[in-house]
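Results of the structural survey
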Amino acid sequence: MQTTAQIRDALRAARDALQHAYEARPHPQRLLRNHAKLIDQYLRLVWRQSGMPDDAAFVAVGGYGRMELFPKSDIDLLILLPQQPDAGQEQHLQTLVGVLWDIGLEIGHSIRTVGDCMAESSDITVQTNLLEARHIAGNRALFAEMREALAEHLGRRAFFLAKTQEQQQRHTRYVDTDFNLEPNLKESPGGLRDLQTVLWISRACGFGTSWRELAQAGLITDAEARAIARHEALLQTLRIRLHYLAKRREDRLLFDYQTALAGQMHIQASAARRASEHLMQHYYRTKQAVLQLNSVLLQNMRAKIFPETDTVVPINERFVARDHFLEARDEELFDRQPATILESFLLMERHPDLAGFSASTLRALWRSKKNIDTAFRKDPRNRALFMQIFREPQGLTHALRRMNQHGVLERYLPAFGKVAGQMQHDLFHVYTVDEHILMVVRNLRRFTLEQHAHENPLCSRLIKDFARPEVLYIAGLFHDIAKGRGGDHSKLGRSDAARFCKQHGLTREDTRLVAWLVEHHLTMSATAQKQDLSDQDVIAAFAAQVKNERYLTALYLLTVADIRGTSAKVWNAWKGKLLEDLFNATRRYMMDGKITDQIGEIRQRARETLNLYAIAPERYELLWAQLDAEYFLRHDPHEIAWHTRQLAHRVNVETPVVKARLSRIGEGAQVMVYCPDRPYLFARICSFFERMNYNIMEAKIHTTQHGYALDSFLVMDASNKTEYRDVMSYIEYELALVLIQTGTPPAPQIGRIGRQLKHFPIVPEVVIGKDEKGNHVLSLIAGDRPGLLARIAYFLAQQHIELHRAKINTLGARAEDTFWISSEKLASPHSIEMLCEELKAQLN
């Protein structure tokens, strides 16, 4: 009789041998099956040595039951008893379970009678586990009794409905940005669970237990069975290797493992893309194929399980609606008339009640994609059909997503196929390139819908009057289509877009607009987020790039849709206000041909606001006398009026004045700081807000004529959970206490970098140049982390560099910040270069 330690050591050695054998000759199905057999062997040994009664049965369930045991997965077991155990039997069973854990098995176990199993099987999860039950040791007759009872208890219609509903709920749960770039191999849409769901239903309904048997039952073709087995093998391979890499049960393709997995699978990096990006593109293509095959199989099984629900409604001479699914009357239609491939998607737009394609039509699409070749793409009828899809008043987003899912879009636009499933490790895009592109088109269409007008009121108003909006959708389709090729994707995409427009009959003017939008789709966001919009020369320079108001409107709409399509965390009200301010200022400039007397207008509007509070001009003359023209240019009238109300009677106050209010943009808080100026003031303020986990979105740093700092900040809670009214008093009191402190503060510590930044680091970029007026501008790009801004502010103070204004732009884990600065140290190119290198060292 072997001791527990001997069994544990032998089991560990056997598992190690399995791993070495797999690494030498990778075969996922063989490993999973052999691992299950190995565990069978040791469970039988423990069962015998534990002296279990002959009338009990040891049963494998779940993945272990179907002989698919992944290296670090739990081992699901059922101990089946003929009747409820007494106290002595319960103790015996607990001892058995303890021994299983002691030998190194992570088990999930249940102890039930046959009656218990049937009572519990109303739970679909329990029912599914029992469906895959497999005898290991003990009473075979009792196991057979349980299987027979389950077969009688199981209703195939109810099981089908429950499992398909479970799949829909799981898809909803996992269709989230957190799972887009780090998908769950088991649970995410297109993962192993989608394949298991099909086989569970097939097993319950008697259609078969393998892909080959499903093909024999006529549910899929032999070619589809081979394809699905191939995709399953890739998912299994990834999950097996992931378990071995992580040394634990880990089903998410985390950034931590993607590069190592690519190396193990001999996937090489290319000139423009990492090896991990190539790996993930393989995964995403497999995911799309699994989703399609899952849909085909579930529809075919539904037709067999619910034959009486079959209703057919004619659509035209080529298509019908069968049970709310579009179906070709002839399965050879797409081969005989290839143009009907695009017509099918057009019909889906025109009939929004259709839920998708029927299984037979999906299979026909799958087979006939090869017909979308060069001749197909050159056919004027097909080009007209493709453009009509973009001109339909509804359904474009769904049509493009279906075309992408079924591989039609990449066949019609080969350039799109190159970015399908391509990851973007820029630390702020949370979608693959193709998903991002379709999200941008979706956002543009969303502007046209009344029910979403509250999200972007200006965008909704502008797009209503925008003639031929399909040019916007085409620009959205092409704006990132050249990513990953190397070179400037905006310029490469411009050429693709211009060629497409000419081939598809757009007017010369619309072709120029689309090409211009693709080339300049980053210009407006860069100007709004990195330049001083109070500077008349900035507005004039931007207006010079925009040909007319139609171009300006189109670029604004595309820019908002683009930023909102990167990640829900990147867009905020502050970015919206910057873009809207730039749009309005540029439109005024284009209409008037000049920027009016801003200072006089701003002063007058501030006075009008102050009059509403019954504040006479003589009460704030002393304060305004200390404020120069730059102050009035960089603050809006409402902000000036707010400052004036707080400071008119405190012009020469010695203690810091800190005031906070809700931001007028509807998100975040505005904070004003007024006190005698001194070194490290900005650094102290940055450290204070970073301790609160607040992001400074904009900082306006102003020094009055009599040497006081009048600084204004827009801050937002990094977690988006704060009710700002609740913290304004805290900010006013606590920040004032911080600013009373004198002397040199300790250097702020930079916090730990995030996982994504750790695996895809950003090399800091620091540039000091000059703007249109000759002012020095410090621009930097770095990986964002807690304490970064405070460290930058501390460095500037150490170097005796005066800060006038800052724009803080955080894109996910990427910081792109701009500072307007002045110092005697900026007098020579050599000293500027030295400063840049020193600051880079601080950011590493």
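On a predicted model such as this, the values are computed, not experimentally measured, just so you know. (Residues numbered from 1 in each chain as written. Predicted model: local features only at pLDDT ≥ 70, side-chain atom pairs only at ≥ 80, totals over all residues. Heavy atoms only, no water.)

Overview of the overall build of the chain
Looking only at helices and strands, one finds 39 helices and 16 strands in the chain. In terms of overall dimensions, the chain has C-alpha extents of about 100 × 70 × 55 Å along its principal axes. Within the chain, buried positions represent 57% of all 844 residues. Within the chain, contacts between residues at least 6 apart in sequence are counted, and of these 71% link residues at least 24 apart. Carbon and sulfur atoms form 49% of the exposed surface of the chain, whose accessible area is close to 36500 Å². For the chain, the distance from the average site of its 108 positive side-chain charges to the average site of its 102 negative ones is 4 Å. (Helix = DSSP H or I, 4+ residues; strand = E, 2+ residues; numbered from the N terminus. Buried < 20%, exposed > 50% of the residue type's maximum accessible area, 1.4 Å probe, protein only. Contact = heavy atoms within 4.5 Å. Areas by Shrake-Rupley, 256 points an atom, 1.4 Å probe, with all protein chains shown as cover. Lys, Arg positive; Asp, Glu negative; His and termini not counted. Charge placed at Lys NZ, Arg CZ, Asp CG, Glu CD.)

Quick word on the sheet that holds strand β4 (residues 134-138)
On the basis of which strands lie adjacent, the open sheet formed by four strands has the order β3-β2-β1-β4 and mixed pairing. Edge positions in the sheet fall to β3 (107-113) and β4, since each of these pairs with one other strand and no more. Sheet twist, expressed as the average angle between the axes of neighbouring strands with direction ignored, equals 25 degrees. In terms of strand pairing, strand β1 (residues 57-60) meets β4 through four bridges, oriented antiparallel. Bridge assignment links Phe 58 to a residue of β4, and that residue is Ala 137. The sheet strands contacting helix α4 (residues 87-102) are β1, β2 (75-81) and β3, and the helix crosses β3 at an angle near 160 degrees. Those strands touched by helix α7 (residues 140-153) are β1, β2 and β4, and its axis lies near 105 degrees from that of β2. (Pairing = 2+ DSSP bridges. Axes fitted to C-alpha atoms, helices over the stretch in contact; angles between N-to-C directions.)

Observations regarding helix α1 (residues 4-24)
Taking 1.5 Å of rise per residue, the 21 residues of α1 would be expected to cover 30 Å, and the 30 Å separating its terminal C-alpha atoms lies within 8% of that figure. Among the residues making up α1, those that are buried are Ile 7, Leu 11, Ala 14, Leu 18 and Tyr 22. Taken down its axis, α1 places every buried residue within 75 degrees of arc, on the same side. Set apart from the buried face of α1 by more than 90 degrees, the exposed residues are His 20 and Ala 24. Taken together, the buried residues of α1 touch α2 (28-49) and α11 (222-246). (Expected span 1.5 Å × (residues − 1). Arc of directions from axis to C-beta.)

Some details on the side chain of Arg 814
Inspection of the secondary structure puts Arg 814 in strand β16 (residues 814-822). Of note is the side chain of Arg 814, whose polar atom sits 2.6 Å from the side chain of Glu 816. (Polar contact = N/O pair within 3.5 Å; in protein donor to acceptor, adjacent residues only side chain to side chain.)

Quick notes on the nonpolar core
Membership of the largest hydrophobic core comes to 154 residues, with the highest contact counts inside it found for Leu 472, Val 671, Phe 689, Phe 713, Leu 735 and Phe 819. The dominant element in this core, judged by the number of residues it contributes, is helix α29 (residues 549-564), at ten residues. Sequence-distant contacts of Leu 735, that is, excluding residues within four places in its chain, are made with Val 658, Val 671, Val 673, Ile 685, Phe 688, Phe 689 and Tyr 730. Counting 86 residues, the second largest nonpolar core, distinct from the first, contains Leu 81, Leu 185, Leu 293 and Ile 305. (Core = buried A, V, L, I, M, F, W, Y, C linked by side-chain atoms within 4.5 Å.)

So, unusual backbone geometry
Positive phi outside glycine occurs at Asp 323, with the angle close to 50 degrees. With respect to the helices and strands, Asp 323 occurs in the loop between β6 (319-322) and β7 (325-328). If you check the backbone angles, Tyr 680 has positive phi at about 70 degrees while not being a glycine. Secondary-structure assignment places Tyr 680 in the loop between β10 (669-676) and α35 (681-691). Accessibility expressed as a relative area gives 14% for Tyr 680, which makes it buried.

Examining the sheet that holds β16
Whenever strands of a sheet pair, they do so through backbone hydrogen bonds, lying parallel or antiparallel. Spatially, eight strands are ordered β9-β10-β12-β11-β15-β16-β14-β13 in an open sheet, and the strand pairing comes out antiparallel. Whereas interior strands pair on both sides, the edge strands pair on one side only; in this sheet they are β9 (657-662) and β13 (765-770). In this sheet, adjacent strand axes meet at a mean angle of 15 degrees when their direction is disregarded. Relative to the sheet, helix α27 (residues 523-530) contacts β15 (802-811) and β16, its axis offset from that of β15 by approximately 140 degrees. Contacting β11 (694-703), β14 (776-783), β15 and β16, helix α38 (residues 788-798) runs over the sheet at an angle of about 20 degrees to β16.

Some thoughts on the packing of aromatic side chains
Under the definition given, this model contains 22 aromatic pairs. Against the face of Phe 466 rests Arg 550, its NZ or CZ located 4.2 Å from the ring centre. The ring of Tyr 613 has Arg 645 sitting right over it, with the charged end atom 4.1 Å from the ring centre. (Phe/Tyr/Trp six-rings, centres within 6.5 Å; stacked < 30°, edge-to-face > 60°. Lys NZ or Arg CZ within 6 Å of the ring centre and 35° of its normal.)

Observations concerning the environment of Ser 490
Looking at where Ser 490 falls in the secondary structure, it is placed in helix α25 (residues 489-503). Leaving out residues up to four positions away in the same chain, Ser 490 has contacts with Val 518, Glu 519, His 521 and Leu 522.

Here we look at a nonpolar patch on the surface
Together, Tyr 733, Leu 737 and Ile 740 line one region of the surface with nonpolar side chains, adding up to about 320 Å² of accessible area. By secondary structure assignment, the location of Ile 740 is in helix α36 (residues 728-740). For Ile 740, a relative accessible area of 49% corresponds to the partly exposed category. (Patch = residues over 30% accessible without salt bridge, like charges linked within 9 Å, V, L, I, M, F, W, Y side chains within 5 Å. Salt bridge = Lys/Arg side-chain N within 4 Å of Asp/Glu carboxyl O.)

Side note on the pairing of β9
Taken residue by residue, a regular strand's side chains alternate between the two faces of the sheet. Pairing analysis gives six bridges linking β9 to β10, with the strands arranged antiparallel. Bridge pairing in β10 links Ala 660 to Val 671. Counting the residues between successive antiparallel strands, the hairpin from β9 to β10 contains six residues, one of them, Gly 666, with a positive phi of roughly 90 degrees.

Considerations on α7
If you check α7, its first and last C-alpha atoms are 20 Å apart, about what 14 residues at 1.5 Å a residue would give, namely 20 Å. For α7, the complete set of buried residues consists of Leu 142, Phe 143, Met 146, Ala 149 and Leu 150. For α7, the angular spread of the buried residues around the axis is 125 degrees, confining them to a single face. Turned more than 90 degrees away from the buried face of α7 sit Arg 140, Ala 141, Glu 148, Ala 151 and Glu 152, all of them exposed. The inward-facing, buried residues of α7 abut β1, β2, α5 (114-120), α6 (124-131) and β4.

Concerning the pattern of salt bridges
The final tally for this structure, using the stated rule, is 43 salt bridges. The partner of Glu 698 in a salt bridge is Arg 805, with the nearest N and O atoms 2.6 Å apart. Taken together, the residues span a long stretch of sequence, with Glu 698 in strand β11 and Arg 805 in strand β15 at a distance of 107 residues. Looking at Glu 698, the relative accessible area reads 7%, which means it is buried. One network of salt bridges, in which partners are shared, links Asp 532, Glu 630, Arg 634, Glu 698 and Arg 805.

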